[in-house]
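# A closer look at the structure
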Amino acid sequence: MEIDLILKITGLGILVGIIHSLLNKFGKEEYAFIVTVVGLIVAFSMVVSLISKLFENLKVIFRL
């Protein structure tokens, strides 16, 4: 398993959480929500690329 991907997603989550908290503190809830959604999309794109590699490997293994 790729530990660097887990660490990247964890770092992204911490960064998004801090920015979200700061924006909420300053009364910018809309921007905080947008930052959270963008962080979620970036994390999902990292995971989707890994899942596509998994399916490609499964095709090769089972000769589909």
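About the criteria used
Residues numbered from 1 in each chain as written. Predicted model: local features only at pLDDT ≥ 70, side-chain atom pairs only at ≥ 80, totals over all residues. Heavy atoms only, no water. Salt bridge = Lys/Arg side-chain N within 4 Å of Asp/Glu carboxyl O. Helix = DSSP H or I, 4+ residues; strand = E, 2+ residues; numbered from the N terminus. Buried < 20%, exposed > 50% of the residue type's maximum accessible area, 1.4 Å probe, protein only.

What follows deals with the pattern of salt bridges. Tallying each qualifying case throughout the model produces one salt bridge. Of the charged contacts in the structure, one is a salt bridge between Lys59 and Glu56, with a shortest N-O distance of 3.9 Å. Placement of the pair is Lys59 and Glu56 together in helix H2 (residues 29–62), with a separation of three residues, close to one helical turn. Its relative accessible area of 43% is what places Lys59 among the partly exposed residues. The class for Glu56 is partly exposed, based on a relative accessible area of 46%.

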